Amino acid sequence: MSVQTVNRSTPAGSSSRQVRASVRRRWVLPGRSIARDTAAILQFRDDVPAGLLLDVLAHHGLRAGTIRVDRDEAPPDPRSLPLAIVLGTANSVVYNRASRWLDTELEWIRQADRAGTPVLALGSGAHALATALGGGVEPAHQPRRGWIRVETRVPDVIIRGPWLAWNEGLIELPPGAELLAHDRVGPQAFSVRGHLGVQFHPEVKPETVASWVGFRRGEAVDGQPLDGQAVLEATSREQLASMAASARLMSAFIDSAQRRTP
């Protein structure tokens, strides 16, 4: 497995300086760094938080530096980071092509890759990781909303489940990627050059699942309306097992990233 293997105002001045500042916020690494014991977390929505990941980072002696890219907060220079986490959005990269921050996200991932900074990409963040590194994502025939099991090639790190799936994309692996886990539809986890993309959501807490169920209530899944009550009941049953599995997966990535840090 290859896993081993944070509103800057512009002072009065020339228009060219203002243009450069605007470009910097969206396209160019800002050049600032953050503490070496801080993991950068790129977040894009209020209702897609880091959740359990914060506890796992703290257990490993790392602080979390959350950057709200959707609020035009500029990500730090990835060369200053021990690792980075890219969270998901409500939709896949497939449906976010018009988003004002998508190009920033993809370019930042590429710069992290060139810097050798390990990236953990979750949910549709895994779609962005695959896309940034030469793969892609296509719409799935049906969205996946609920608890799943996977076929895994690394059961010591990624067990069969339970995992919460909440997506509508089908990942095309980037060149050189190793498939780590999949379900009947397609890839669910992959590694490439020290990065880890996980399409399911090991970071979720029950309250996050409840908010997603409310947002998607009535949506058709496999031709039937989403049974939100069934998802919530399954969440209650699977919570403890899922938390243990999630801690194992995310800890494995962090351990690997810390071994890579000079």
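Residues numbered from 1 in each chain as written. Predicted model: local features only at pLDDT ≥ 70, side-chain atom pairs only at ≥ 80, totals over all residues. Heavy atoms only, no water.

1. Overview of helix H3 (residues 102-115)
The terminal C-alpha atoms of H3 lie 20 Å apart, and with 14 residues this matches the ideal 20 Å at 1.5 Å per residue to within 8%. All of the buried residues along H3 are Leu102, Thr104, Glu105, Leu106, Trp108, Ile109, Ala112 and Asp113. (Helix = DSSP H or I, 4+ residues; strand = E, 2+ residues; numbered from the N terminus. Expected span 1.5 Å × (residues − 1). Buried < 20%, exposed > 50% of the residue type's maximum accessible area, 1.4 Å probe, protein only.)

2. Looking at the packing of H3 against helix H4 (residues 124-132)
Where H3 contacts H4, the axes come no closer than 9 Å and their chain directions differ by 65°. With respect to the hand of their crossing, H3 and H4 are arranged in right-handed fashion. Side by side, H3 and H4 meet where Glu105, Leu106, Ile109 and Arg110 of the first sit next to Ala128, Leu129, Thr131 and Ala132 of the second. (Axes fitted to C-alpha atoms, helices over the stretch in contact; angles between N-to-C directions. Left-handed = near helix turned anticlockwise from the far one by under 90°. Contact = heavy atoms within 4.5 Å.)

3. Topic: unusual backbone geometry
For the bond from Gly161 to Pro162, the omega torsion is 10°, close enough to zero to count as cis. Structurally, the position occupied by Pro162 is in the loop between strand E6 (151-152) and strand E7 (163-172). For Asp72, which is not a glycine, the phi torsion comes out positive at approximately 65°. Mapped onto the fold, Asp72 is located in the loop between strand E2 (63-68) and strand E3 (84-86). In this model, Arg193 sits at a positive phi of 50°, which is unusual for a non-glycine residue.

4. Some remarks on the packing of helix H2 (residues 52-59) against helix H6 (residues 228-260)
Across the interface, H2 lies against H6 with an axial gap of 10 Å and an inter-helix angle of 50°. In terms of their interaxial angle, H2 and H6 are classed as oblique. Both H2 and H6 take part in a crossing whose hand is right-handed. Every residue of H6 that contacts H2 at Leu52, Leu53, Val56 and Leu57 is listed here: Met243, Ser246, Ala247, Met250, Ser251 and Ile254. (Parallel < 35°, antiparallel > 145°, perpendicular 65-115°, else oblique.)

The values reported here are purely geometric and, on their own, carry no functional implication.
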